[in-house]
2 protein chains.
Amino acid sequence: MRRRLTDRVASQLERICTTTTNAGVLHRHGKDESHHECVPPEAVVFPSSTAEVQAIVRACADGRVPLIAYGTGTSLEGHIQAVEGGVCVDTSNLSSVLAENPEDFDARCEAGATRKTLNASLRHAGLAFMVDPGADASLGGMAACGASGTMAVRYGTMRENVLGLTAVVASGDACRFGGRSKKSSAGYDLTSLFVGSEGTLGIITDLTVKIHPVPPCAAAAKVGFETVRDAADSVVALLCSGLPVQRCELLDAATIAAFNLYNRDSLVERPTLFLEFADVSADAVARQLDLARDVVSDGLGQDFQASTDEHQAALLWKARHSTYYAALALKPNGRAIVPLSAFADCVDATVQDIQASEVVGPVFGHAGDGNFHAILVYNDDDDRAYLHKLHAIHDRIVKRAIDAGGTCTGEHGVGVGKRSYLGRQFPRATLDAMAAVKAALDPLNIMNPGKILPPP
Amino acid sequence: MRRRLTDRVASQLERICTTTTNAGVLHRHGKDESHHECVPPEAVVFPSSTAEVQAIVRACADGRVPLIAYGTGTSLEGHIQAVEGGVCVDTSNLSSVLAENPEDFDARCEAGATRKTLNASLRHAGLAFMVDPGADASLGGMAACGASGTMAVRYGTMRENVLGLTAVVASGDACRFGGRSKKSSAGYDLTSLFVGSEGTLGIITDLTVKIHPVPPCAAAAKVGFETVRDAADSVVALLCSGLPVQRCELLDAATIAAFNLYNRDSLVERPTLFLEFADVSADAVARQLDLARDVVSDGLGQDFQASTDEHQAALLWKARHSTYYAALALKPNGRAIVPLSAFADCVDATVQDIQASEVVGPVFGHAGDGNFHAILVYNDDDDRAYLHKLHAIHDRIVKRAIDAGGTCTGEHGVGVGKRSYLGRQFPRATLDAMAAVKAALDPLNIMNPGKILPPP
């Protein structure tokens, strides 16, 4: 159901802030970085303050016009599709770092500030914001989508790193949730409710995030395995050892092969773990490396390589860093169908499934979180039978993950892409409670409608 | 407004599970460990399964009878007062550890299982549940109250340690929120919403929590300071250094004096930091101690003492461990008025305020979280003027904390004791959003009514 942006609301918006209906701009705001099709909004607005966002929301609420918050468009589940029409609220003019509090380990930013902007601003203090999803996403978008990434094994996801936020809800009120305290038990934790709510409960306009000291000494390591199961088992052994692993990434043989092809390199094409350690002294890091070497050797790891030199470390990790584009390059015009997340137990079955189905699908993941991705690559001219195979594999991965006690989506949210799976993961009563919360905060259903909750 | 438990509902409850109206039992279930008065429920029920809790909730909902979940009664803000009458749901028969998954670092327990029960069960695997509020509270109660404690600086609070839970909501439905994944972005994070909801949104019947490897080597340290400000500054310096401090507790001179009096000991009566470190090897711990010694020396710390011997370490920490009862013993029949939480900046002002007011009030805290407590001690026969002074100090501490960007309650929840402060901490729009969520999930207001939200 599309709800039209009326001329009256459009002219109200124009009085509030920069507003455009330029076709190119609309197109860019209707499509994320995934395979999900472009569904452009009817207008894009560029507010510069929370007050402007409030005015926009009031104007749209008045006309029952949907609102879709937009950060950098790097989400992957169709979150920004204007499936019911409406106005895209681009937060790129809300990009200031409002406060840095090095002694309290927190910083407050407007929602459109990106993580790299914040980190550039913090560098002088030896501190950093530690959630790293790869893309230079906006902090508001990262909060809205519950982003995580390679550092989550040590520093947690957005859920653990957002201390407070301001959100404009459907009434036009600006609600301040949480605060600056590292912990608080003052009322309902609506901060966490808004983290991962994908713009469906309100529009985040600023947020306070945790920042962390950057350990002065670091090391990278790489180790190969015969099977993905051996590699996954070694991840568990590493974490059980109590080692404060900073990153722990698993690439399957197909991913290494994709890297070799893309970079004309010749790494051994076998399941490989990429590790990163950091600590307060070079000695401490060396000790971590020694222990890690022992643990992975017990776990049948081969050719453990490590370095504390920044340049060498970057070389060791190169295969991991270029995974996504290397995977896409496996087929010309390759596009990722879905990133998927589940427990490490499922990696083995997934690799076998992909091999048996004879499709292209490198598997890699943030192994320390039990989180993996399969990039099922296709071309625009692939036939229906091939696409059908990919969808079937996708379906089986999700089912396998849920059956293993996992989740259908570990870090890219639900958007439109995973809506149908929520009913598999949760009983009806759970979805009813979610729907009740949504209806309570957005009774007109104008906040990014058609996302997250499955159709009734 | 009291809503009577009718004979009809009472007889329904008796058919479901053990039910009592014994006056002594009612009395014990109407009072927590704080100064808040006893307000007994009309009946106490002892369900043994989620299904029995569902039946109890349906019976009570039918008669509009309030339900108050009860764990071990160790909360401190009057959470379990039956302020509108009703039925206390004692979870002590829901005390099983349902599953331990050492390889996934999680365990699932019924809500009435206590943290020590879980930890006894995990000990053989070298793993532990790391939230330690002092009391051997039930895990359900700890989740409901958003508990934390001395280990939060390293392992986080309940918010970070509850992966999923089952809650029976007012409709009688059992909702499963979250799951076993370390991270998930599948729909609204209602797990976090229920953590800290103090039984006002539903009754938690089981929960899945994170468990952690217990580092094999540990050390304790103690260091004195001239002023609490110096001690607080050293806490910041320690955390900035990147040291993975496991516990970091600050006691003011009055608290040490209370300890000396209570234990007939003769520790130097000055602000003192108690530290704990843990790591994978004795060497690594020794290096942490060296670095900590350097940092606190730069911060004017005196007489740094440390030990890696378990017995010696326990001796060093003895003053911290007996703080609460030592403080209470300062006045015969002493009772704590309120534990309070705020940023370290406020400790100094609070200590001065207490000294200037000439009342008894040792100050100590989980300094690494910017969290401190003031135990304002009084006797039943203290005159009104003395009690008035205590209330005024309490009021100023909360106001100072909120003004500093802190919270009126860091880890003991709101209950009835902090309701009036929520309006100071949050704007009306925020409280409206909280009230909307409460009304959506509990439209009849039968779940622990009269708690958290300020009266309209």
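Rules behind the numbers
- Numbers given to residues run from 1 along each chain, matching the order in which its sequence is written.
- For this description, chains carry letters from A and ligands carry numbers from 1, given in the order in which they are written.
- Totals for whole chains, interfaces and linings use all residues, but because this is a predicted model, local features are given only for residues with pLDDT of at least 70 and pairs of side-chain atoms are given and counted only at 80 or more.
- With hydrogens and water excluded, all non-hydrogen atoms of the structure serve as input to the side-chain values.
- UniProt positions are given in the numbering used here, feature names are shortened, and annotations may be inferred rather than shown by experiment.
- In DSSP terms, a helix is any run of H or I states spanning at least four residues, a strand is any run of E spanning at least two, and both are numbered starting from the N terminus.
- With C-alpha atoms as the basis for the radius of gyration, the globule rule is written as 2.2 Å multiplied by the number of residues raised to the power 0.38.
- Each residue gets one of three labels from its accessible area relative to the maximum for its type: buried under 20%, exposed over 50%, partly exposed in between, using a 1.4 Å probe on protein chains only.
- For this analysis, residues touch if any pair of their heavy atoms sits within 4.5 Å.
- Only residues with pLDDT of at least 70 in both copies contribute their C-alpha atoms to the least-squares superposition of the copies.
- To estimate how far a helix should reach, multiply one less than its number of residues by 1.5 Å.
- Two parts placed together each lose some accessible area under a 1.4 Å probe, and adding up what both lose gives the buried area.
- Definition used for salt bridges: Asp or Glu carboxyl oxygen within 4 Å of a side-chain nitrogen of Lys or Arg.
- For this analysis, a polar contact is any N or O atom pair within 3.5 Å, provided that within protein one partner can donate a hydrogen and the other can accept it, and provided that sequence-adjacent residues contribute only side-chain to side-chain pairs.
- Note on residue categories: nonpolar means Ala, Val, Leu, Ile, Met, Phe, Trp, Tyr, Cys or Pro, charged means Asp, Glu, Lys or Arg, and polar means any other residue, Gly included.
- Pairing of aromatic rings covers Phe, Tyr and the six-membered ring of Trp, with a centre-to-centre limit of 6.5 Å; geometry is then stacked below 30 degrees between planes, edge-to-face above 60, and tilted otherwise.
- Whether a charge sits over a ring comes down to the Lys NZ or Arg CZ being within 6 Å of the ring centre and within 35 degrees of the ring normal.
- Joining through side-chain atoms within 4.5 Å is the link that ties buried Ala, Val, Leu, Ile, Met, Phe, Trp, Tyr and Cys residues into a set, and such a set is a nonpolar core.
- In this description, strands pair whenever DSSP reports at least two bridges between them.
- To get an axis, a line is fitted to the C-alpha atoms, and for a helix only the part in contact is used. The angle between two axes follows their N-to-C directions and goes from 0 to 180 degrees.
- Under this scheme an angle from 65 to 115 degrees is roughly perpendicular, one under 35 degrees roughly parallel, and one over 145 degrees roughly antiparallel; angles in between are oblique.
- By definition, any crossing whose near helix is turned counterclockwise from its far helix by less than a right angle is left-handed, and any crossing with a clockwise turn is right-handed.
- Known as pLDDT, the predictor's confidence for each residue is given on a scale from 0 to 100.

An unreviewed UniProt entry lists chain A under the name D-lactate dehydrogenase (cytochrome), from Chrysophaeum taylorii. Check the Subcellular location (unreviewed entry) section of the UniProt entry for chain A; it says "Mitochondrion". Reading the Sequence similarities (unreviewed entry) entry of the UniProt record for chain A gives the comment "Belongs to the FAD-binding oxidoreductase/transferase type 4 family."

Our focus in this paragraph is the overall build of chain A. Assigned secondary structure in chain A consists of 18 helices and 19 strands. Scaling as 2.2 N^0.38, a compact globule of 456 residues should have a C-alpha radius of gyration of about 23 Å, and chain A matches this with 22 Å. The principal-axis extents of the C-alpha atoms in chain A amount to approximately 70 × 60 × 45 Å. Expressed as a percentage of its 456 residues, the buried residues of chain A come to 62%. Of the contacts made within chain A by residues no fewer than 6 positions apart, 72% connect residues no fewer than 24 positions apart.

The operation relating the pair of chain copies consists of a rotation about an axis and a translation along that axis. Superposition of chain A onto chain B requires a rotation of 180° combined with a translation of 0.0 Å along the rotation axis, giving an RMSD of 0.0 Å. Within this description, the copies of the chain are treated as partners about a two-fold rotation axis. Looking at chain A, 100% of its interface residues are interface residues in chain B too, so the copies touch through the same face.

What follows is about helix α9 (residues 228-240) of chain A. All names here are of chain A. If you check α9, its first and last C-alpha atoms are 18 Å apart, about what 13 residues at 1.5 Å a residue would give, namely 18 Å. Of all the residues in α9, the buried ones are V228, D230, A231, A232, S234, V235, V236, L238 and L239. Two residues or fewer past α9, G242 is found with a positive phi of approximately 90°.

Taken residue by residue, the interface counts 78 residues in chain A and 78 residues in chain B. Taking both partners together, chain A and chain B bury about 6000 Å²; carbon and sulfur atoms supply 61% of that area. Counting across the chain A and chain B interface gives 4 salt bridges. At the boundary of chain A with chain B, the tally comes to 11 residue pairs in polar contact (both at pLDDT 80 or more). If you tally residues by element for the side of chain A that touches chain B, the top one is helix α18 (residues 428-441) of chain A, at 9 residues. The class makeup of the residues in the side of chain A that touches chain B is 36 nonpolar, 25 polar and 17 charged.

Okay, the packing of aromatic side chains next. Per the stated rule, a full pass over the model turns up 4 aromatic pairs over all chains. Ring geometry for F274(A) and W317(A): centres 6.0 Å apart, planes at 70°, overall edge-to-face. Residue F274(A) is found in strand β14 (residues 272-279), and its partner W317(A) is found in the loop between α12 (310-316) and α13 (318-321); the two are separated by 43 residues along the sequence. Accessibility classification places F274(A) together with W317(A) in one group, the buried group. We note R247(B) situated over the ring of W317(B); from NZ or CZ to the ring centre the distance is 6.0 Å.

Our focus in this paragraph is the nonpolar core. M158(A) and M158(B) are the most contacted members of the largest nonpolar core, which has 172 residues in total. Not counting residues within four places of it along the chain, the set of residues in contact with M158(B) comprises F129(B), V131(B), L139(B), M142(B), A143(B), G146(B), A147(B), V195(B) and L207(B).

Looking now at the pairing of β14(A). Residue and element names in this part refer to chain A. Of all 8 residues that make up β14, 8 are buried, and the element is covered over most of its length. Looking at chain direction, strand β13 (residues 247-251) and β14 are connected through 5 bridges and run antiparallel. Looking at the pairing, C248 lines up with L275 of β14.

Let us now look at the environment of H321(B). All names here are of chain B. With respect to the helices, strands and loops of the structure, H321 is situated in helix α13 (residues 318-321). Relative accessible area serves as the criterion here: at 57%, H321 is assigned to the exposed category. Along the sequence, H321 and L165 sit 156 residues apart, while their C-alpha atoms lie 31 Å from each other.

Notably, L300(A) is not glycine yet its phi reads approximately 70°, a positive angle. The residue L300(A) is located in the loop between α11 (282-298) and β15 (302-307) in this model. Given a relative accessible area of 52%, L300(A) falls into the exposed group. One non-glycine residue with positive phi stands out, namely N448(B), at about 40°. Relative to the elements of secondary structure, N448(B) occurs in the segment after α18 (428-441). By relative accessible area, N448(B) is classed as buried at 3%.

Backbone hydrogen bonds hold the strands of a sheet together, and the pairing may be parallel or antiparallel. All names here are of chain A. Strand order in the open sheet formed by 5 strands is β5-β6-β10-β8-β9, with antiparallel pairing between adjacent strands. At either end of the open sheet lies a strand with only one pairing partner, and these are β5 (97-101) and β9 (174-178). Strand-to-strand twist in this sheet, taken as the mean axis angle between neighbours without regard to direction, amounts to 10°. Here 5 bridges tie strand β8 (residues 162-168) to β9, and the two strands are oriented antiparallel to one another. Within β9, the position partnered with V168 by the bridge is A174. Running over the sheet, helix α4 (residues 115-122) touches β5, β6 (106-110) and β10 (203-210) and is turned about 45° from β5.

With that settled, consider the packing of α18(A) against α18(B). It is the contact of α18(A) with α18(B), at a shortest axis distance of 9 Å, that shows an interaxial angle of 140°. As the angle between them shows, α18(A) and α18(B) are arranged oblique. Between α18(A) and α18(B) lies a crossing of right-handed hand. On the side of α18(A), the interface is formed by A433(A), A436(A), V437(A), A440(A) and L441(A), while α18(B) contributes A433(B), A436(B), V437(B), A440(B) and L441(B). For the contact of α18(A) with α18(B), the class distribution of residues is 10 nonpolar, no polar and no charged.

With respect to the helices, strands and loops of the structure, T205(A) is situated in strand β10. Excluding its chain neighbours within four sequence positions, the residues that come into contact with T205(A) are T50(A), V53(A), E110(A), A111(A), T166(A) and V168(A).

Moving on, we come to the sheet that holds strand β1 (residues 18-20) of chain A. All names here are of chain A. The strand order across the open sheet built from 4 strands is β1-β2-β4-β3, with neighbouring strands paired in mixed fashion. Whereas interior strands pair on both sides, the edge strands pair on one side only; in this sheet they are β1 and β3 (67-70). Neighbouring strand axes in the sheet, compared pairwise and without regard to direction, differ in orientation by 25° on average. As judged from the 4 bridges shared by β3 and strand β4 (residues 87-90), these two strands associate in the parallel manner. Counted as the bridge partner of L67 is V87 from β4. Strand contacts of helix α3 (residues 50-62): β2 (43-46), β3 and β4, with the helix running at about 155° to β3, the strand carrying the most contacts.

We now examine the confidence of the model for chain A. In this model, chain A carries a mean pLDDT of 87, and residues with pLDDT of at least 70 account for 94%. With a pTM of 0.87, the predicted complex shows an ipTM of 0.84.

Turning our eyes to something else, we now look at α3(A). All names here are of chain A. For α3, built from 13 residues, the straight-helix expectation of 18 Å at 1.5 Å per residue is met to within 8% by its first-to-last C-alpha distance of 18 Å. Residues T50, V53, Q54, I56, V57, A59, C60 and A61 constitute the buried set of α3. At the C-terminal side of α3, R64 shows a positive phi close to 55°.

Tracing the backbone through its elements, the reader meets Q81(A) in the loop between β3 and β4. Residue Q81(A) is classed as buried on the basis of its relative accessible area, which comes to 7%.

We now examine the pairing of β13(A). Residue and element names in this part refer to chain A. For β13, the tally of buried residues reaches 5 of 5 residues, placing the bulk of the element in the interior. Taking every second residue as pointing to the same face, both faces of β13 are buried, with R247, E249 and L251 on one and C248 and L250 on the other. Strand direction decides the pairing type here: β13 and strand β17 (residues 363-366), joined by 3 bridges, are antiparallel. Looking at the pairing, L250 lines up with G365 of β17.

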